[in-house]
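One letter stands for each residue in the lines below.
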Amino acid sequence: MAETLYEKLKHYDKTMLPMHMPGHKRNSALSGAGGYLKGLSADCDITEIEGFDNLAEPEGILRSVKERAAALWHSEDAYLLVNGSTCGILAGIYAAVRRGETVIAARNCHKSVYNGLRLTDAKVTYLLPERDTDTGACGPVTPETVEKALRTSPEARLVIITSPTYEGVISDVEGICRVAHARGVPVLVDSAHGAHLGFGAFFKSAAACGADLVVQSLHKTLPSLTQTAMAHRSGTLISGEAYKEALNLFQTSSPSYLLLASIEGCIGLLEQKGEELFQNWQAALEEFYTLAGGLKHLTVIGAKTEEKMPFARDLSKLIVSTAGTNLTGTLLMERLRTEYRIEAEMAAEQYLIAMTGMGDTKESLRRFANALSELDEKCRPAPKKEIIYPAVPGLRYTAAEALDMPSEECHVEKSVARTAAEYVWAYPPGIPLLVPGEEISEEMVRFLLQKEESGVRLHRTGGDGKERGKVRVVR
């Protein structure tokens, strides 16, 4: 009989070093004297019974948790999310945009943003961030880019950006909000990877920068269970009533009190011991970057003291570049797993992401640094591979329109000049490379093939059972 999921979880090798989310890093001792991370189990699992409040209409203990969260993150109102950041983003778009209206969105947004745009049949003006020369990942969105887009699309009802990105890139949220607010347009920030911002010496949070709606995943970097998140709303450009109503459409009507207790426990820990815990985390990061500064072939972005960062970056995301070596990001990830019992977060063609969280320690990051040092000694220099990143494809239809059209599958190589009828993305991070309604260019085809050749697994709408090497196009 095949091993059950429960058995796999119980028997999973706990000596594996988790350089990935969730932020507690399986360190149940992190939850302090209350021990919420360890104590939440079936004997605490209830429903909305008397005395435990109602998530859809909180008036008691859950309302208190919301108010404490708003005070911590400096927002006017906070919302507890047990369906991850995804439901908060879907609700934000649904509350701010009427069917068929125009939205300005960064092209590197998570697929949940695209799903929200699809639900509202929104017309999209894309913002294309410049590429980071270190990794090829998207850089920040600038206020100037947003201002130009607002001039081009003055009818836009919402601006959506991601900050920080999966790679830790931080945009000038304050500047973007000034530009958008001058035209009466609200700003939604997907800050799923930035729940820790605004604490310790980390960058200012998007909520404190004036964003109208900020959605953040507590579980990614902080000590809270997977699937827990928060939304923060401020100002009058997105109605609180409209957002609450939309949230009740997308969030479960039977919330897990284990997850809610995890959110409350995390908030309590930040209130009581946050300063000390953030100092410990940052001290561990500083030591790691010092150790990584001696690598000869692999490069940890931000580790060289003489290196000038081209833009703001959250250094809790450890970006290891393999460019100019005989390794790809995917090969480095595999070797860390098999040779050093270290599981990283994500690998791309020429870099790897290792995520740190509050549960990391100096010991855990030393172990990672030592593994990189040994692999660096085994590396060989190799010519840098040039990756051609495609421009934003031409849009022939909205995603909703294209998904309703007759379609057929064809080999990716033969899809040039056809119109995409499905999403294609790498997961993680879940950012669509191809969106329904877009024209498939020759450079996009080369880009998709290059990703698969380097070991990056691409996913298509509909998931399992879809043949690799093919794409669905409008007939």
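If you're wondering where the values come from, they're calculated on a predicted model, not measured in any experiment.

Q: Go over the state of the cysteines, please, and point to the residues and values.
A: Applying the stated criterion across every chain yields a total of zero disulfides. No disulfide involves C209; its sulfur sits 7.4 Å from the nearest other cysteine sulfur, which is in C177.

Q: Explain unusual backbone geometry to me, and be specific about the residues and the numbers.
A: Here the amide bond leading from M21 into P22 is cis, since omega sits at 5°, within 30 degrees of zero. For P22, the location among the structural elements is in the loop between strand 1 (17-19) and helix 2 (36-39). For the bond from S163 to P164, the omega torsion is 0°, close enough to zero to count as cis. Following the sequence through the fold, P164 ends up in the loop between strand 5 (158-162) and helix 7 (173-181). Non-glycine residue K25 carries a positive phi angle of around 55°. Assignment of secondary structure puts K25 in the loop between strand 1 and helix 2. A positive phi is found at A417, a non-glycine position, where the angle reads about 75°. Positionally, A417 belongs in the loop between strand 14 (407-411) and strand 15 (424-426).

Q: Describe the side chain of E422, and please don't skip the residues or the numbers.
A: Mapped onto the elements, E422 comes out in the loop between strand 14 and strand 15. Take E422: its relative accessible area is 1%, and that puts it in the buried class. In this structure the side chain of E422 is engaged in a polar contact, spanning 2.6 Å, whose partner is the side chain of R460. One polar contact links the side chain of E422 to the main-chain amide nitrogen of R472, over a distance of 2.9 Å.

Q: If you had to explain helix 4 (residues 84-96) to someone new, which residues and values would you point to?
A: Owing to its 3.6 residues per turn, the α-helix brings residues three or four apart onto one side. Counting buried positions over the 13 residues of helix 4 gives ten, a clear majority of the element. The set of residues buried in helix 4 consists of G84, S85, C87, G88, I89, L90, A91, G92, I93 and A96.

Q: Outline the packing of aromatic side chains, listing residues and values.
A: Each aromatic ring pair is summarised here by two numbers: the centre-to-centre distance and the angle between the ring planes. Taken as a whole and judged by the stated rule, the model has 13 aromatic pairs. The interplanar angle of 25° and the centroid separation of 5.9 Å between the aromatic rings of F278 and W281 together place this pair among those described as stacked. In this pair, F278 and W281 both sit in helix 10 (residues 257-292), three residues apart, roughly one turn of the helix. Under the relative-accessibility criterion, W281 is labelled buried at 1%. For the ring pair Y389 and F447, a centre distance of 5.5 Å and an interplane angle of 55° mean the geometry is tilted. Remark: F447 occurs in helix 14 (residues 442-453) and Y389 occurs in the loop between helix 12 (362-378) and helix 13 (399-403); sequence separation between them is 58 residues. On the accessibility criterion, Y389 (24% relative accessible area) is partly exposed. Here the aromatic residues W73, F199, F202, F278 and W281 are joined through ring pairs into a cluster of three or more. A cation sits over an aromatic face here: R107 above Y126, 5.2 Å from the ring centre.

Q: Give me the sheet that holds strand 17 (residues 458-460): which residues, what numbers.
A: Two pairing modes exist for strands in a sheet, parallel and antiparallel, and in both the strands are linked by backbone hydrogen bonds. What the three strands build is an open sheet, ordered 16-15-17; its pairing is antiparallel. Each edge of the sheet is formed by a strand with only one pairing partner; in this case those strands are strand 16 (431-434) and strand 17. The sheet shows a mean angle of 40° between the axes of neighbouring strands, direction not considered. Two elements, strand 15 and strand 17, share three bridges in a ladder whose sense is antiparallel. When the sheet's bridge partners are listed, A426 is paired in strand 17 with L458. Packing of helix 14 onto the sheet brings it into contact with strand 15, strand 16 and strand 17, and relative to strand 16 it is tilted by some 125°.

Q: For helix 7, give the residues involved together with the corresponding values.
A: All buried positions along helix 7 are accounted for by V173, G175, I176, C177, V179 and A180. For helix 7, the secondary structure elements touched by its buried residues are helix 6 (143-152), strand 5 and strand 6 (187-190).

Q: With reference to specific residues and values, describe the pairing of strand 3 (residues 102-106).
A: Successive residues of a regular strand alternate their side chains across the two faces of the sheet. Extensive coverage of strand 3 is indicated by the burial of five of its five residues. Taking every second residue as pointing to the same face, both faces of strand 3 are buried, with T102, I104 and A106 on one and V103 and A105 on the other. Regarding the hand of the β-α-β motif, the stretch spanning strand 3, helix 5 (residues 111-119) and strand 4 (residues 123-127) is right-handed. Sheet topology places strand 3 next to strand 5; three bridges connect them, and they run parallel. Bridging across to strand 5, A105 finds its partner in I160.

Q: Outline the packing of helix 4 against helix 9 (residues 240-250), supporting the account with residue identities and numerical values.
A: Packing of helix 4 against helix 9 brings their axes to within 8 Å, and their N-to-C directions diverge by 130°. By the criterion of interaxial angle, the relationship of helix 4 to helix 9 is oblique. In this structure, helix 4 meets helix 9 at a crossing whose hand is right-handed. Side by side, helix 4 and helix 9 meet where C87, G88, L90, A91, G92, Y94 and A95 of the first sit next to A242, Y243, A246, L247, L249 and F250 of the second. Considering only residue class, the contact of helix 4 with helix 9 consists of eleven nonpolar, two polar and no charged.

What counts, and where the lines are drawn
Residues numbered from 1 in each chain as written. Predicted model: local features only at pLDDT ≥ 70, side-chain atom pairs only at ≥ 80, totals over all residues. Heavy atoms only, no water. Disulfide = S-S within 2.5 Å. Helix = DSSP H or I, 4+ residues; strand = E, 2+ residues; numbered from the N terminus. Buried < 20%, exposed > 50% of the residue type's maximum accessible area, 1.4 Å probe, protein only. Polar contact = N/O pair within 3.5 Å; in protein donor to acceptor, adjacent residues only side chain to side chain. Phe/Tyr/Trp six-rings, centres within 6.5 Å; stacked < 30°, edge-to-face > 60°. Lys NZ or Arg CZ within 6 Å of the ring centre and 35° of its normal. Pairing = 2+ DSSP bridges. Axes fitted to C-alpha atoms, helices over the stretch in contact; angles between N-to-C directions. Contact = heavy atoms within 4.5 Å. Right-handed = clockwise from strand over helix to strand, strands pointing away. Parallel < 35°, antiparallel > 145°, perpendicular 65-115°, else oblique. Left-handed = near helix turned anticlockwise from the far one by under 90°. Nonpolar A, V, L, I, M, F, W, Y, C, P; charged D, E, K, R; others polar.

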